[in-house]
Amino acid sequence: MSQMRFQLSVFAIIAALCLSASPGVGAIIGLFFGFGIAFFVAGPSFMAAGILRDLGIPVDDKMMGVLLLLLYAAMTMGLAYAAWRARERGDADRARLHGAKAILFGTLPIMGWLSVQALADAWP
């Protein structure tokens, strides 16, 4: 049962990736990606940059973006490492869970880029 859920999860991720490149649905997904980035990434990153500046660490927008990208990459690699460790221990269910999360986190930037491009193409 768990294997089938993993396969369905991977199939759903692939379907979402394909839909994000389509002109109609991809534009809507791109709009929601934009809202998500505006509300859940930009605000906290501006607050973190302000705190770092108050602490005397000179940080600009480009450095904050690089820091967020490195944090996201480390989180994705951590999930892949957790999947690998669970597989080595013989815990197939946990390995599939962490593997599906790592696949999703790895494809989210691609989905975002494709859907924002679809939104830009659909914009009048």
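Predicted model, so just to flag it, every value in this text is computed and none were measured.

(A) A look at the packing of helix 2 (residues 23–54) against helix 3 (residues 61–89). Contact geometry of helix 2 with helix 3 gives a least axis separation of 11 Å together with a crossing angle of 115 degrees. Of the two possible hands of crossing, helix 2 and helix 3 adopt the one that is right-handed. Contacts between helix 2 and helix 3 involve Val41, Ser45, Phe46, Ala48, Ala49, Leu52 and Arg53 from the former and Asp61, Met64 and Leu68 from the latter.

(B) Spotlight on the packing of aromatic side chains. One pass over the structure, following the stated rule, counts 3 aromatic pairs. With a centroid separation of 5.9 Å and an interplanar angle of 10 degrees, the aromatic rings of Tyr72 and Phe105 are classed as stacked. Of this pair, Tyr72 sits in helix 3 while Phe105 sits in helix 4 (residues 92–122), and the two are 33 residues apart along the sequence. Classification of Tyr72 as partly exposed rests on a relative accessible area of 26%.

(C) Fine view of the packing of helix 3 against helix 4. Packing of helix 3 against helix 4 brings their axes to within 8 Å, and their N-to-C directions diverge by 155 degrees. Considering their axes alone, helix 3 and helix 4 lie roughly antiparallel with respect to each other. As for the relative orientation of helix 3 and helix 4, their crossing is left-handed in sense. Across from Tyr72, Met75, Thr76, Leu79, Ala80, Ala82, Ala83, Ala86 and Arg87 in helix 3, the residues of helix 4 making contact are Arg94, Ala95, His98, Gly99, Lys101, Ala102, Phe105, Gly106, Leu108 and Pro109. Taken together, the residues that form the contact of helix 3 with helix 4 break down as 12 nonpolar, 4 polar and 3 charged.

(D) Region of interest: the pattern of salt bridges. This model, assessed by the stated rule, comprises 2 salt bridges. A salt bridge links Asp91 to Arg94; its shortest N-O distance comes to 3.8 Å. Given the relative accessible area of 42%, Arg94 is considered partly exposed.

(E) A nonpolar patch on the surface, seen in detail. A grouping of Ile28, Leu31, Phe32, Phe35, Ile37, Phe39, Phe40, Val41, Leu68 and Leu71 is seen on the molecular surface, where their side chains present a nonpolar patch of about 1000 Å² in accessible area. Breaking the nonpolar patch down by element, the ones donating at least two residues are helix 2 and helix 3. No other element matches helix 2, which puts 8 residues into the nonpolar patch. Mapped onto the fold, Leu68 is located in helix 3. By relative accessible area, which is 31% here, Leu68 ends up partly exposed.

(F) Structural detail: the side chain of Thr107. For Thr107, the location among the structural elements is in helix 4. For Thr107, the contacting residues outside a window of four places in its chain are Ile13 and Leu17.

(G) Structural context of the environment of Ile103. Along the chain, Ile103 falls in helix 4. Taking the relative accessible area as the measure of exposure, Ile103 reaches 34% and is therefore partly exposed. As for Ile103 and Asp93, which are separated by 10 residues in sequence, their C-alpha atoms are 15 Å apart. What Ile103 contacts, discounting residues up to four positions off in sequence, is Phe6, Val10 and Ile13.

So, how was this worked out
- Residues numbered from 1 in each chain as written.
- Predicted model: local features only at pLDDT ≥ 70, side-chain atom pairs only at ≥ 80, totals over all residues.
- Heavy atoms only, no water.
- Axes fitted to C-alpha atoms, helices over the stretch in contact; angles between N-to-C directions.
- Helix = DSSP H or I, 4+ residues; strand = E, 2+ residues; numbered from the N terminus.
- Left-handed = near helix turned anticlockwise from the far one by under 90°.
- Contact = heavy atoms within 4.5 Å.
- Phe/Tyr/Trp six-rings, centres within 6.5 Å; stacked < 30°, edge-to-face > 60°.
- Buried < 20%, exposed > 50% of the residue type's maximum accessible area, 1.4 Å probe, protein only.
- Parallel < 35°, antiparallel > 145°, perpendicular 65-115°, else oblique.
- Nonpolar A, V, L, I, M, F, W, Y, C, P; charged D, E, K, R; others polar.
- Salt bridge = Lys/Arg side-chain N within 4 Å of Asp/Glu carboxyl O.
- Patch = residues over 30% accessible without salt bridge, like charges linked within 9 Å, V, L, I, M, F, W, Y side chains within 5 Å.
- Areas by Shrake-Rupley, 256 points an atom, 1.4 Å probe, with all protein chains shown as cover.

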